[in-house]
Amino acid sequence: MSYTITNQCIGCDRCLPVCPTQAIQDNGTHHWIDPTRCNNCADQYSVAQCAAACPTNYGCVPGTTSVVAYEALFNSDEYWKRWFTTYQRLMFSLNDRTQNPYWISWFDRYSEKLSTLLSHHPGTRNANLHLSR
């Protein structure tokens, strides 16, 4: 499945020089991708270069050539297995309660310094303020 240029394209031409197969074409009014030349940069890069160079992030996206292909993609078991695997990995990292020791020590030093500064400043209310995690 080749990439496609969407209506989010702003015509900045950043994608033209980075495409290794020269699949991106310009007809004078808008850009388009030749699906016979686009290989998703699979042979050379882990990310499609047109999508990586796009400043809008949505000007160049994985596309399908027909509604039938689009429905087949989303009805495939492989697509949903990858989707849920990615979702579970991201949710685990968001809910992970273990904290990086660097940030724990940083917060401890910061709160200690702030408490010291507040306790030495006359007229500061709550001079005995102690920050805790």
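Remember, it's a predicted structure, so these values are computed and weren't measured experimentally.

S.K.: Can you lay out empty space enclosed by the protein for me, pointing to particular residues and giving the numbers?
M.R.: A full pass over the atoms with the stated rule returns 2 cavities of 30 Å³ or more. As a volume, the largest cavity reaches approximately 90 Å³. Lining the largest cavity are 15 residues, with C9, C12, C15, C54 and P55 positioned closest to its centre. Within the lining of the largest cavity, the residues separate by chemical class into 10 nonpolar, 3 polar and 2 charged. Its volume calculated, the second largest cavity comes out at about 70 Å³. Lining the second largest cavity are Y3, C19, T21, A23, I24, I33, C38, N39, N40, C41, A48 and C50.

S.K.: Could you give an account of the nonpolar core, naming the residues involved and the relevant values?
M.R.: Formed by Y3, I5, C15, C19, A23, I24, I33, C38, A48, C50 and C60, the largest nonpolar core amounts to 11 residues. Apart from the residues within four sequence positions on either side, C38 is in contact with S2, Y3, T21, A23 and I33.

S.K.: Could you give an account of the side chain of H31, with specific residues and numbers?
M.R.: Note that H31 resides in strand β3 (residues 31-33). With relative accessibility at 7%, the residue H31 sits in the buried group. The contact partners of H31, leaving out residues within four places of it in the chain, are I5, C9, G11, D13, C15, L16, I24, Q25 and D26.

Scoring rules and cut-offs
Residues numbered from 1 in each chain as written. Predicted model: local features only at pLDDT ≥ 70, side-chain atom pairs only at ≥ 80, totals over all residues. Heavy atoms only, no water. 1 Å grid on protein atoms, 1.4 Å probe; cavity = no way out; pocket = protein on both sides within 12 Å on 5 of 7 lines; lining within 4 Å. Points joined across faces, edges and corners; volume = space filled by probe spheres on them. Nonpolar A, V, L, I, M, F, W, Y, C, P; charged D, E, K, R; others polar. Core = buried A, V, L, I, M, F, W, Y, C linked by side-chain atoms within 4.5 Å. Buried < 20%, exposed > 50% of the residue type's maximum accessible area, 1.4 Å probe, protein only. Contact = heavy atoms within 4.5 Å. Helix = DSSP H or I, 4+ residues; strand = E, 2+ residues; numbered from the N terminus.

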